[in-house]
Amino acid sequence: SSGINAEWPLRPGDTTKLRESVWYFTQQLLGVYFTDFDYGLVKSMLPDNFKDYISVTVLTPEKLQEDNFRFTGFTYSEKVHFSLIMMESRFQATFCYGLKALD
């Protein structure tokens, strides 16, 4: 199961844009912006309840509750995959801030 709604602009099995949207939205939440990324893609690819899940996971993981995982359209393994993408993206953003502080 690709977990992708039919109206999303993706081929079945192609999740590149979706994964990029999760990565860059996570970075955006942490104040990191990229001039070469189309942030309109985030709006078109990520439903509001998924963006809410990302926001809570990235900014206040201690507040995660079972209800946060109830967004539809994805399998549990896909949700875990997205969580890993979010955490790696968060790590990169905070690491870059740390390196900048040393400069």
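In this report, the structure presented in the accompanying data block is examined. From a predicted model like this one, the values you see are computed outputs, not experimental measurements.

Reading the values: rules and limits
Residues numbered from 1 in each chain as written. Predicted model: local features only at pLDDT ≥ 70, side-chain atom pairs only at ≥ 80, totals over all residues. Heavy atoms only, no water. Helix = DSSP H or I, 4+ residues; strand = E, 2+ residues; numbered from the N terminus. Buried < 20%, exposed > 50% of the residue type's maximum accessible area, 1.4 Å probe, protein only. Contact = heavy atoms within 4.5 Å. Areas by Shrake-Rupley, 256 points an atom, 1.4 Å probe, with all protein chains shown as cover. Phe/Tyr/Trp six-rings, centres within 6.5 Å; stacked < 30°, edge-to-face > 60°. Core = buried A, V, L, I, M, F, W, Y, C linked by side-chain atoms within 4.5 Å. Expected span 1.5 Å × (residues − 1).

Digging into the overall build of the protein
Move 1: Regarding its fold elements, the protein presents 4 helices and 0 strands.
Move 2: Mapped in sequence order, the helices and strands of the protein form the string α-α-α-α.
Move 3: Burial status across the protein gives 35% buried among its 103 residues.
Move 4: Considering only contacts in the protein between residues 6 or more positions apart, those separated by 24 or more positions represent 63%.
Move 5: Here the protein has roughly 6700 Å² of accessible surface; of this, 55% comes from carbon and sulfur atoms.

Regarding the packing of aromatic side chains
Move 1: Within the structure shown, the criterion is met by 10 aromatic pairs.
Move 2: Measuring from centroid to centroid gives 5.1 Å for Phe74 and Phe82, while their planes differ by 80°, and the two rings are edge-to-face.
Move 3: A relative accessible area of 11% means that Phe74 is categorised as buried.
Move 4: Since its relative accessible area comes to 5%, Phe82 is described here as buried.
Move 5: What links up through ring pairs into an aromatic cluster is the set Tyr24, Tyr33, Phe34, Phe37 and Tyr39.

Overview of the side chain of Lys51
Move 1: With respect to the helices and strands, Lys51 occurs in helix 3 (residues 48-59).
Move 2: The residues touching Lys51, leaving out its near neighbours within four places in the chain, are Phe25, Val42, Lys43 and Leu46.

A word on the nonpolar core
Considering soluble globular proteins, one finds that nonpolar side chains tend to be buried as a cluster.
Move 1: In terms of nonpolar packing, the biggest core is built from 21 residues, with Leu18, Val22, Leu46, Phe50, Ile54, Phe82 and Met86 touching the most fellow members.
Move 2: Those elements that provide at least two residues to this core are helix 1 (16-29), helix 2 (40-45), helix 3 and helix 4 (76-102).
Move 3: Those residues in contact with Phe82 that sit more than four places away from it in its chain are Leu18, Arg19, Val22, Phe50 and Phe74.

Looking at helix 3
Move 1: The terminal C-alpha atoms of helix 3 lie 16 Å apart, and with 12 residues this matches the ideal 16 Å at 1.5 Å per residue to within 8%.
Move 2: Taken together, the buried positions of helix 3 are Phe50, Lys51, Tyr53, Ile54, Val56, Thr57 and Val58.
Move 3: Elements that come into contact with the buried residues of helix 3 comprise helix 1, helix 2 and helix 4.

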